[in-house]
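Understanding the architecture of this molecule
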Amino acid sequence: MGPSRRALGRLGLVTALGLLVSASPGAVVQKAAAPVAASRVAITFTDYHGYTGAADYLKRVAAAYPAITELIEIGRSNTNRPVFVLIVTNRKTGVALDSLVPLRHVRLEGKEPVKNVTPMKPDQAKPGVWIDGGTHGNEYTGTEVCLYIIDKLVSGYGADADLTRLIDSSTFYICPAVNPDGVFNSVEKGIAQRGNSMLEDNDGDGKVNEDGPDDLDGDGVLRQFRYRDPKGPFVISEADPRIMVRLAQNETTGRPRYAVITEDKDNDGDGRRGEDGESGIDVNRNFPEGWYRDTQEQGGTGAYPSSSPESRAVLEFFTNHTNILMVQSYHTSGGFTYRPLARWPDSRLDAKDLAVYDRVMGKKYLELIGEPVPAAWQDAKPPAAVPGRGGSEAGLADDQQPQGRGRAAAAAPRATAQPGPGAPAPPRGFRHAYNDTASTPYGYGVFLDWAYAQFGAYAMSTELWNWQKDTKGLAGYAGEDDRVKWEAAYIGWQEKALGGRAFKAWTPFKHPELGDGEIGGWTSRYGSGNAIPGESLLGVCEVHWQFERFKASLLPRLDITSAKGRVLYTTNDPGAPSATAQGDTVTIAKGRKAGRYRIIEITAAVANTGPLATHLGRGASLRGNRGDVVWLIGDRDRIRFLQGTPWVRLGTLDGTMPIPGYQPRPQPSSMEIGAMTGRGRGGFGGGAAPIGGQLRLQRPEETPMPADGATREFTWLVAVEGDVPLKIALSSQKGGTVVKDVAVN
Ligand SMILES: [Zn+2]
């Protein structure tokens, strides 16, 4: 998520480079990145692709892999750049629910098919994974990770059995640049731009974008200007005069103090520099969960939720793709992953979701990045209290900094509240986004919270890249916790690997307002806290690809394990079947002669064979979401339901994986279930009146319909005219749709 717009503008590039979170002691350097698999569309990570390179890559992949990809445009930025989403899924698999029965106009029954409804696409009928990057334009490491994941998916299809199955049975929606203008300006133009390019009058003077940064020395790129300032927060490193070192708060020094700013002057004569550049709305503060019109704390939340075209595009896309169950949003930097919520404490999280987040996903994440997993997260037994938020947090998250505090506060662990008894120590690498130590609220309108709390997805947000842990391949650098040494190694490396274009020697320059100083240092493109291109970037990409692959392997997988029909008798009068029940004995009298209706008893069994349930803990009850259903489908003019109804509501189908640390609620009795679901006690789906008040093919206690569990069984009794084929469809909003023909004998 990065620092707030204001904090970045104030502190400049050195700050963004220099003051990230501290690593936990005993951190393990991660394993070497796997080589990039052979692909029909070659890609390297020796430099950033930016918006243009990413868009070009997406188009080439879509052209090279037409069977498993589709490139769509979900919206346009303020300067008319497309927001692209690459859909990766087997385009031949997946059953769109609306394709099973054509819609008909109720008043033109039998005459007019409904035409004004956009048909569903097969990708929407499979569990979905959303992965994005570049919501904050200057955090383009996420764009690279998205491209890497695309490369792994498309080149793995057909070569890797697990991946092939995943792409056949689920759908990936990958949006490498949510904020095209911000990514373009940050990478292609070299002007670090967090927000989008909406025309915002940031300084309230009635003019827009009149005071952005300036290329003072006219060399075509923005670097830094350092100048003597008795109150400046920097000194020149004694070990390496190219490097600026930030002093700690209240630290005194006898050495000359410096201020460091981005190349910039006061274009509008208001005494401030760079306060009204092209950066507009902070897209990741513009979502409609916990949104607040904030012009003071972090700023840039926009005039109203989804007022930015980019957040609007994402929201509209999600509204039409309710199959998405996993959401990952990549930001920089720090090297840790957030789970919800950013705006509210853990008490607002469902206990089951919390257990999935921390004990399943968080545990795996820490293993992948080589950090110790809290003991409480490894314990398979349910704890006395729900784990997760440890109650303490060392340092604020990067973009959770209240204005004025900036990143400086993140450098040193701050005094925190004491964790409750039994609460695990919060790991560095996997965190909740909420900060319970801040005195002012923040985290307004973040995507993470919307995607979890309103949409119902396992949403996560990762601050990619930690210079201490993720740096690779720098000669002379061995991972010490010494930023000066690290920065010197990076300067040396870029002279060869990047032709010296990332860092330039400090050169005297007379600033029109600030007087004598020097221009030089890092260009914004390479010095803004993104992963170093090449080996370091590849290492970050590989770890997060592994994590995404793991999360996708947890998706629900629906199956109709049996669908059978048994003809009980035939009759010409389906409205009057003759069956009586006396105690446990049910007697069905056959019709005296063969008729044109077959009376068929249909049984079906369904299962979720995937590890996770088809919804979040409370996902099915969120507005806009629905529980899973089983649908008995036949020609509606020639089928009559004697027992049961076409639709049977299942609630949520659990997954096969026991959730560590979560105690499921006790199974309710069948009577309670009947009361909960509105079903009768007859053991049939739906609420149809029993025929003649008599027919009971099975006793209710023999056919419990559990409210929990990964499997369910159903029975219907139908009168079918002629040889109408029957199908069973199992449809879950986020678990996918599967169909099976009913075998009648
Ligand atoms: Zn960010």
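Residues numbered from 1 in each chain as written. Predicted model: local features only at pLDDT ≥ 70, side-chain atom pairs only at ≥ 80, totals over all residues. Heavy atoms only, no water.

**Comments concerning the sheet that holds strand β15 (residues 558-571)**
Our working definition: For two strands to pair, DSSP has to find at least two bridges joining them. Under the DSSP-based scheme used, a helix requires at least four consecutive residues in state H or I and a strand at least two consecutive residues in state E, with every element numbered from the N terminus.
Spatial ordering of the open sheet is given by β20-β22-β18-β15-β25, a layout of 5 strands whose pairing is mixed. Unpaired on one side and paired on the other, β20 (639-643) and β25 (743-744) mark the two borders of the sheet.

**Regarding helix α4 (residues 161-169)**
Put simply, the rule reads: Buried means the residue's accessible area, taken with a 1.4 Å probe over protein chains only, is under 20% of the maximum for its type, while exposed means over 50%, and partly exposed covers the values in between. Relevant arc is that of directions from the helix axis to the C-beta atoms, nothing else. Contacts are assigned to residue pairs with any non-hydrogen atoms lying within 4.5 Å of each other. Nitrogen and oxygen atoms within 3.5 Å of one another constitute a polar contact, given that in protein one can donate a hydrogen and the other can accept it, and given that sequence-neighbouring residues count only through two side-chain atoms.
Turning to α4, its buried residues number three or more, namely Leu163, Thr164, Leu166 and Ile167. Along the axis of α4, the buried residues cluster in a sector spanning 160 degrees; they form a single face. Opposite its buried face, α4 presents the exposed residues Ala161 and Asp162, each directed more than 90 degrees away. Looking at the buried residues of α4, the elements they touch are β2 (82-88), α3 (141-156), β4 (171-175) and α13 (535-553). The distance from a side-chain oxygen at the start of α4 to the backbone nitrogen of Asp162 is 3.0 Å, and the residue carrying that oxygen is Asp160.

**Focus on the packing of aromatic side chains**
To describe a pair of aromatic rings, one takes the distance between the centres and the angle between the planes. Selection rule: Under the pairing criterion, centres of Phe, Tyr and Trp rings, with the six-membered ring standing for Trp, must be within 6.5 Å; the plane angle then separates stacked pairs below 30 degrees from edge-to-face pairs above 60, leaving the rest tilted. By definition here, charges over rings are those cases where NZ of Lys or CZ of Arg is within 6 Å of the ring centre and within 35 degrees of the ring normal.
Evaluated as defined, the whole model comprises 30 aromatic pairs. Ring geometry for Phe225 against Phe509: centres 6.3 Å apart, planes inclined by 80 degrees, an arrangement best described as edge-to-face. One end of the pair, Phe225, is in strand β5 (residues 224-228); the other, Phe509, is in strand β13 (residues 503-511), with 284 residues separating them in the sequence. Residue class for Phe509 comes out partly exposed when judged on its relative accessible area of 21%. Pairing Tyr357 with Tyr458 gives two aromatic rings, centres 5.9 Å apart and planes at 80 degrees, and the pair type is edge-to-face. Of the two residues, Tyr357 sits in helix α7 (residues 351-369) while Tyr458 sits in strand β12 (residues 458-464), which places them 101 residues apart along the sequence. Tyr458 matches Tyr357 in its accessibility class, with the two residues each being buried. One aromatic cluster in this structure is built from Trp130, Tyr173, Phe287, Phe317, Phe318, Phe447, Trp450 and Phe455. If you follow Arg348 out to its NZ or CZ, it ends over the ring of Trp344, 4.2 Å from the centre. Sitting above the plane of the Phe455 ring, Lys734 keeps its charged end 3.8 Å from the centroid.

**Topic: the pattern of salt bridges**
Heads up, the condition is: Here, a salt bridge means any Lys or Arg side-chain nitrogen found within 4 Å of an Asp or Glu carboxyl oxygen.
Counted under the stated rule, the structure contains 35 salt bridges. Among the salt bridges present, the one from Lys504 reaches Asp217, with a minimum N-O distance of 3.9 Å. Within this pair, whereas Lys504 is found in strand β13, its partner Asp217 is found in the loop between α5 (180-188) and β5, the two being separated by 287 residues in sequence. Taking the relative accessible area as the measure of exposure, Asp217 reaches 29% and is therefore partly exposed. In this structure, Glu548 and Lys551 form a salt bridge, with 3.2 Å as the shortest nitrogen-oxygen distance. One end of the pair, Glu548, and the other, Lys551, are both in helix α13, 3 residues apart, so they sit about a helical turn from each other. A relative accessible area of 2% places Glu548 in the buried class. Overlapping salt bridges bring together Glu70, Arg91, Lys121 and Asp123 as one network.

**Considering the nonpolar core**
Here is the rule: Nonpolar core, defined: a set of buried Ala, Val, Leu, Ile, Met, Phe, Trp, Tyr and Cys residues in which side-chain atoms within 4.5 Å join the residues together. Start and end points for every domain follow an automatic or database-based domain assignment.
Ranked by size, the top nonpolar core spans 124 residues in total, and within it Trp130, Phe318 and Met361 carry the most contacts. Element by element, the count of residues in this core is highest for α7, at 9 residues. No fewer than three residues from each of domain 1 (1-102 + 127-198 + 216-555) and domain 2 (558-744) sit in this core. Those residues within four positions of Phe318 in sequence are excluded, and the remaining contacts are Trp130, Ile324, Val327, Phe447, Trp450 and Phe455. Membership of the second largest hydrophobic core comes to 22 residues, among which are Ile560, Ile600, Val630 and Leu726.

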